[in-house]
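What the coordinates show
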Amino acid sequence: METSKMLKNSAVRSIPIEFTDLTYQVKVPKQKEKKTVLKGISGTFLPGELTAIMGPSGAGKSSLMNILTGFTKTGVTGTIKFGDAPKARKLCCYIMQDDHFYAWFTVEETMMLAASLKISNESMHIRDRKLLIEQILETLKLTKTKHTRCSRLSGGQKKRLSIALELIDNPAVLFLDEPTTGLDSSSSFDTIKLLQKLASHGRTIVCTIHQPSSNIYSLFNQIYVMSQGYCTYQGTPDRTVDYFKSLGLECPAYHNPADFLLECVNGDYGDYTMALAEAAQKPEWRHNYNRSRSAIMASDKIVEANTGVSVPSNGKLLHSATDAFSNRSSSHFYPPPEWVRLWLLIGRCHVQIFRDWSLTHIKLLMHILCAIMIGLLFGDSGSNADKQLSNFGSYLVHTLYLWYTTIMPSVLRFPQEIAIIKKESFNNWYKLRTFYLASLITSTPVHIILSTVYITITYFMTDQPLEVDRFVKVILSSMMVTICADGLGIFLGTILNPVNGTFVGAVTTCFMMIFSGFLILLTHMSDFMRMISYVSPIRYGLENMVLAMYSNNRQDTICPDDVLYCHFKNAATVLKSFGMENGNYGMNLGILVLQLVIYKSCAYFTLKRQVKRQ
């Protein structure tokens, strides 16, 4: 009964968007003067209407969209008003041009997680949440694909899923950037038709579109045309031809009005930009400005006549259960606390880890195979006094292997996820720090397990001393090196593209290896070069592994009978020969922890900066 009540008593908040004298300036490299992208434009986008922002490339469409959504804040002057609602931008969502999802989740799983992140259990029972998702998927024609993984969806299905995810908490305002990009004509028409239907329920829907067909063009309730930073037309599609005719621009017979509009503002018939901008300010072409409140009240009367449900005077639209997913009151929904979202994101990360073979399964298999190969290669170097130089080198191999196999996947991982993180965090699914913490919590145990498996195999195959404290110290050092590499990899991945990040990561690893104290001893370096070695985690990891093996009065290794003299038979000789006799395991471990914290912290701030970029 509660579910049926909730679905029958709907409320979609009516929020008109009005902006006045909007100006946007940006700095241009190597130029003193700023470039003015938007030049004092004004406009009104009404609830119950689907508005298209059109114009040639460089006209300012994306800039206007980013300013209205809140992506861009600096360099903006003018007034933007989202109705009379406090914190109205919280009731908006932004559906970006590219549709990015986690490939290993099905449509239903993606929807359920989004619903759990947006709506608390106190606001809606899980049973009602499942019913809500079923209705949204049915309305958007996604029911047949609910058990399909997102990576296998078509372009049109992905676009509808992007819309479905944001409809869960019933937003009052939807912004869409190029919703028809990459879709065929049929899918494009279906998508715009769907948006028109959603707008008719009282939402304010604004999208940018490049060059629509005549059929799609006629579906929009309002067209807002831009050129060179000016508004050159704001009105209904059916008035476009008359508007240009009044300025002496005759549309040829059987010509698509949308194409003709873009040809005019693009200068194909001459430079009419200023004339069009001045004409767009005239009262007869700016009728939308004066009908904001009347349009809302008129739509309320239509709803009341069709449904028999009274509409309050504050402009709220109430609908019947004919379209059940839109029949919900966003005022009844409260987001879960951030710790609940953290728990949900940890669960998502765990599922991702177990389903992504390249992330865990293949990596685990490679760790085992490589550990066995390295173990066979170095043989009994741990106990053979004649092979102690090789044993020392094996710890450099272990350190480099763990470092390199961790930093490279981290460099490549976050660039692929940034688009998803940007979309979800901007649309208030969660705070960025919540996602980052969930990522750290789930990835750290994986690094610990993988490094432990690798070191355990190589430790026993190379006949190292069977002493628990030495084994634990080597394991602990390998863990710190691995987690350090992950932090640096994330940092590089959030400031560089995958190609440059991979290159910088590889070069950085090479230099860290050079300053590790094996290829050239620390005692043989100049004071300046030795100072550089202090920033190399590989140095501290290698030194700690060597200290774990050879410090604390380790017994002499066995010199084979067929060897006359074993110089490195005594453990103290090994440490002294490589200049590590004064090494401090605890201090090295503390430095690794400090470097780990620095890398992870820097990675968070660079990720935050990347997410906030347009």
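Residues numbered from 1 in each chain as written. Predicted model: local features only at pLDDT ≥ 70, side-chain atom pairs only at ≥ 80, totals over all residues. Heavy atoms only, no water.

**Focus on the nonpolar core**
Let me state the cut-off plainly: Buried residues of nine kinds, namely Ala, Val, Leu, Ile, Met, Phe, Trp, Tyr and Cys, make up a nonpolar core once their side-chain atoms join them within 4.5 Å. For every residue, the accessible area obtained with a 1.4 Å probe (protein chains only) is divided by the maximum for its type, and the residue is called buried under 20%, exposed over 50%, and partly exposed between those limits. Helix and strand definitions here come from DSSP, where helices need a minimum of 4 consecutive H or I residues and strands a minimum of 2 consecutive E residues; each element is numbered from the N-terminal end. Contact definition: two residues touch when any of their heavy atoms are within 4.5 Å.
With 80 residues, the main nonpolar core has Met-54, Met-111, Leu-161, Ile-163, Phe-220 and Ile-223 as its most contacted residues. A per-element tally of this core places helix 3 (residues 107-118) first, with 7 residues. Excluding its chain neighbours within four sequence positions, the residues that come into contact with Met-54 are Lys-61, Ile-209, His-210, Pro-212, Tyr-217, Ile-223, Tyr-224, Val-225, Met-226, Ala-258, Leu-261 and Leu-262. Judged by nonpolar contacts, the second largest core, of 49 residues, contains Tyr-401, Val-411, Ile-455 and Leu-575.

**Focus on a nonpolar patch on the surface**
Quick reminder of the rule: Nonpolar side chains (Val, Leu, Ile, Met, Phe, Trp, Tyr) are joined into patches within 5 Å and like charges within 9 Å, using only residues with over 30% relative accessible area and no salt bridge. The protein chains shown are the only cover counted for residues, whose accessible areas, like all others here, come from Shrake-Rupley with a 1.4 Å probe. Whenever a carboxyl oxygen of Asp or Glu lies within 4 Å of a side-chain nitrogen of Lys or Arg, that contact is scored as a salt bridge.
Where nonpolar side chains cluster on the molecular surface, the patch consists of Phe-503, Val-507, Phe-511, Ile-514, Leu-519 and Ile-520 and spans about 550 Å² of accessible area. Along the chain, Phe-511 turns up in helix 17 (residues 498-514). Residue classification places Phe-511 among the partly exposed positions, given a relative accessible area of 48%.

**Some words on the layout of surface pockets**
Here is the rule: Both cavities and pockets are sets of points on a 1 Å grid over the protein atoms alone; in a cavity a 1.4 Å probe fits but cannot get out, in a pocket the set is open with protein on both sides within 12 Å along at least five of seven lines, and lining residues sit with an atom within 4 Å of a point. Grid points are joined across faces, edges and corners, and a volume is the space filled by probe spheres set on the points.
A volume near 810 Å³ is recorded for the second largest pocket. Forming the walls of the second largest pocket are 34 residues, and the residues nearest its centre are Asp-356, Leu-359, Pro-409, Arg-413 and Glu-417. At the level of elements, helix 12 (338-355), helix 13 (361-378), helix 14 (388-426) and helix 15 (432-461) are the ones that each hand at least two residues to the lining of the second largest pocket. Here the element with the most residues in the lining of the second largest pocket is helix 14; it accounts for 10 residues.

**Notes on the state of the cysteines**
Note the following rule: What counts as a disulfide here is a pair of cysteine sulfur atoms lying within 2.5 Å.
Counted according to the given criterion, the structure contains 1 disulfide. In this model, Cys-559 is linked to Cys-566 through a disulfide, with the two sulfur atoms separated by 2.0 Å. Residues Cys-559 and Cys-566 are joined through a disulfide that is right-handed, its torsion about the S-S bond being 70 degrees. We classify Cys-566 as buried; its relative accessible area is 8%. The thiol sulfur of Cys-92 is not disulfide-bonded, and the nearest other cysteine sulfur, from Cys-93, lies at 7.8 Å.

**Digging into the pairing of strand 3 (residues 50-54)**
Inclusion rule: For two strands to be treated as a pair, DSSP must find at least two bridges joining them.
With 5 of its 5 residues buried, strand 3 lies for the most part within the structure. Across the two faces of strand 3 the burial is the same, with Leu-50, Ala-52 and Met-54 and Thr-51 and Ile-53 all buried. When strand 3 meets strand 7 (residues 204-208), the two strands line up parallel, connected through 4 bridges. Pairing of Ile-53 across the sheet is with Thr-208, part of strand 7. As paired elements, strand 3 and strand 8 (residues 222-227) share 4 bridges and run parallel to each other. In the sheet register, Ile-53 faces strand 8, and the bridge partner there is Tyr-224.

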